[in-house]
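Next come the chains, spelled out residue by residue.
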Amino acid sequence: MHGQGLELALVFLLAAVIAVPVFRRAGLGAVLGYLAAGVALGPNGLAVIRNAEPVLAASEIGVVMLLFVIGLELSPARLSVMRKPVFGVGGLQVVTGGLVLAALAAFGGGLGWKAATVIGFGLALSSTAVGLQLLAERRALGAPHGRLAFAILLFQDLAAIPLLAAIPLLGQAAAVEAGGLSSTAVFKALGAIALVVVGGRFLLRHVFRIVARTRMPEVFTGAALLTVLGAAWVMQGAGLSAGLGAFLAGVLLADSEFRHELESQIEPFKGLLLGLFFMAVGMSIDLQRVAAEPLVVAGLVLALMALKFAMLFAIGLHPGGLDRREALRLGGVLALGGEFAFVVFAEALRAGLIEQVLRDRLVAVVGVSMALTPLLLLGISRLLRSHPPATPTREFDTVPEGHPQVLVAGFGRFGQIVARLLVAQKIPFIAIEHSAEQVDFVRRFGNVVYYGDPSRPDLLRAAGAQHVRAFVVAIDNPASSLRTVRTLRRLYPDAKVFARARDRRHAWALMDLGAHAVREMFHSSLRMGERLLVALGVPADVARDHAERFREHDERMLNEQYLVHDDEAALMQGAQDARRELEQLFEADRGGVERGE
């Protein structure tokens, strides 16, 4: 192959389709899949691509589009809400990490201050793609360390813009002997920025309004691409980073009514081209050089990750306000290098600040750090599991004396609706919630709820459960729900117990304990189905009748299947029979209507 044509596109897509799912399934992330595919296709692998530079240059459009999408998400209002963690903690991380790493590059590597500065701040950036994906896979985006990591990554994305813009200027400064930058270059750069800002501020929204009136999606897509690439071209022509122009265009459109449509139009192109960019980076990694100096690369990787981990741990504790366990997780997520480092080092090479040998070594260090991060997080998770927090267990709240008629176990959305109905009827009840955070939250709104585990006999006795006429178990976790019902049945065998059920099998397990199971989604889904029939033209009384008959049929089948729910074959046969019976029931109704009965 000669690097172009349909065959090359097919090879790229095939490599991505094979490598990315494999790496994601292994928990290593899509970025590593793209990097591995690039290594396999590059000059040091199968040599499908013998020169990675043209591919890398073309694929940088993906990075430009990424910066445009980042700009769309950074409206001034959003930045104002997140200003303290973003600009405070994020700024401290970038500045501290950049200066420390730059000092090490200058004194340890013998580099000039310009090259050391670019390298230091380039390595201080972490991978947004890998970091956010690892957090999402672990469902930790809402955790304290996940929120702080997002804020830091957000500032890093912002910091990458001036860093990329400064590299060509530093390159020119290195070429000027003592007179500094030429006034022409400075005015050209300022003029390009002013053109993008002023033109985008006063023209872009009007242009997109005109394009939207055409009601032609392909024209809107073309206008979106023209905006991104046009702004990038203007900046690049002025000697600045193409990504800076795309970012500014995104920020100018962040508050517009076209923001979400623009993002949806750019997202597919961004994803594919960014994947191609990572593959091109993988192709450009000189494996022979890595193999020739494995100790050097390994030492640099360990030094980078150890330094960043230590700084992030300290920043997470203060001013981040995390505890030690969360700070450890923060350090593990962000100790790696970032994808922007690939762009930074490519720009630094193009500007003459670093040599090809150093650039290859740095790219290899960042790539290896990405590969090690999932393993680092796995080790941290195992370490934290083996050393559970030694925080004292909060005792259940002291409950007042009295004789409530109802005890509600679990005060989430389900339990709160039941409680509101009881309040409306002035029926005295007591609510117990096993999550201290939920208790503290709902008390802000005037709800009288007490903390404790409702499966504990001592708590039930203290709450006056012996006088309760009915128990409502509204706990969302099936195991905790069953444990509570077992306790209630053992202590109060004659009490009425109404329990929230996740599904049919959970309902059958509750029925085994003598509780009345109420499936949490069944009635709301039935009501939506009734409204859907009305929207489709079915008369309201007919839709109501059909929904009621379906409810009666399904509840009857729930009780009939309960008798054989331990027999899988009988259960499947019963489900098939019930489906046919339901179809025949409504078919008979339709036949009666057609005959006028």
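Trainee: How do you make sense of the packing of helix 5 (residues 83–109) against helix 6 (residues 113–124) when you look at a structure like this?
Mentor: The angle between the axes and the distance between the axes are what describe a pair of packed helices. As a packed pair, helix 5 and helix 6 sit with axes 7 Å apart at the nearest point and diverge in direction by 135 degrees. If you check the angle between helix 5 and helix 6, you find them oblique. Considering only the axes of helix 5 and helix 6, their crossing is right-handed. Along its contact with helix 5, which presents Gln93, Val94, Val95, Gly97, Gly98, Leu99, Leu101, Ala102, Ala105 and Ala106, the element helix 6 presents Ala116, Thr117, Ile119, Gly120, Phe121, Leu123 and Ala124. Across the contact of helix 5 with helix 6, the residue classes break down as 12 nonpolar, 5 polar and no charged.

Trainee: What am I meant to see in the packing of aromatic side chains here?
Mentor: Any aromatic ring pair is given by two values, namely how distant the centres are and how the planes are angled relative to each other. One pass over the structure, following the stated rule, counts 2 aromatic pairs. A ring pair is formed by phenylalanine 87 and phenylalanine 155, whose centres lie 6.0 Å apart and whose planes are at 85 degrees; its orientation type is edge-to-face. Highlighted residues: phenylalanine 87 in helix 5 and phenylalanine 155 in helix 8 (residues 144–175), separated in sequence by 68 residues. You can call phenylalanine 87 partly exposed: its relative accessible area is 39%. By relative accessible area, phenylalanine 155 is classed as buried at 16%. Here phenylalanine 471 and tyrosine 492 contribute two aromatic rings whose centre-to-centre distance is 5.7 Å and whose plane-to-plane angle is 20 degrees, an arrangement assigned as stacked. Of this pair, phenylalanine 471 sits in strand 4 (residues 470–473) while tyrosine 492 sits in the loop between helix 21 (478–491) and strand 5 (496–501); the two residues are 21 residues apart in sequence, bridging distant segments of the chain. The pair phenylalanine 471 / tyrosine 492 is uniform in exposure class, with both members buried. The ring of phenylalanine 522 carries arginine 519 above its face, with NZ or CZ at 4.1 Å from the centroid.

Trainee: Can you walk me through the confidence of the model for the protein chain in this structure?
Mentor: Caution is warranted with low-pLDDT regions, since their predicted coordinates should not be read in detail. The pLDDT averaged across the protein chain works out to 77; a share of 82% of its residues lies at or above 70. Note on residues 174–181: pLDDT under 50 across the span, and 6 contacts to partners over four residues away in sequence or across chains. Predicted confidence for residues 591–597 stays below pLDDT 50, and this span has 1 contact to residues more than four positions away or in other chains.

Definitions and limits used
- Along each chain, residues carry numbers from 1 onward, in the same order as the chain's sequence is written.
- Reporting in this predicted model follows two pLDDT cut-offs: at least 70 for local features of residues, and 80 or more for side-chain atom pairs to be given and counted; totals over whole chains, interfaces and linings ignore these cut-offs and use all residues.
- Heavy atoms from the whole structure form the basis of all side-chain values; hydrogens and water molecules are not counted.
- Inter-axis angles, ranging from 0 to 180 degrees, are taken between N-to-C directions of lines fitted to C-alpha atoms, where helices are fitted over the stretch in contact.
- Secondary structure counts use DSSP, requiring at least four H or I residues in a row for a helix and at least two E residues in a row for a strand, with both numbered from the N terminus.
- By definition in this entry, angles of less than 35 degrees are roughly parallel, angles greater than 145 are roughly antiparallel, angles of 65 to 115 are roughly perpendicular, and the rest are oblique.
- Take the far helix as your reference; a near helix turned counterclockwise from it by less than a right angle gives a left-handed crossing, and one turned clockwise gives a right-handed crossing.
- Any two residues whose heavy atoms approach within 4.5 Å at even a single point are treated as in contact.
- As a working rule, the residues Ala, Val, Leu, Ile, Met, Phe, Trp, Tyr, Cys and Pro are called nonpolar, Asp, Glu, Lys and Arg charged, and the rest polar, with Gly in that last group.
- Only centres within 6.5 Å qualify two rings of Phe, Tyr or Trp (six-membered ring in Trp) as a pair; their planes then separate them into stacked at under 30 degrees, edge-to-face at over 60, and tilted for everything else.
- Residue burial is assigned from relative accessible area. The probe radius is 1.4 Å, only protein chains are included, and a residue is buried under 20% of its type maximum, exposed over 50%, and partly exposed in between.
- Over a ring means this: the NZ of a Lys or the CZ of an Arg is within 6 Å of the ring centre and within 35 degrees of the ring normal.
- Scored between 0 and 100, pLDDT is the confidence that the predictor attaches to each residue.

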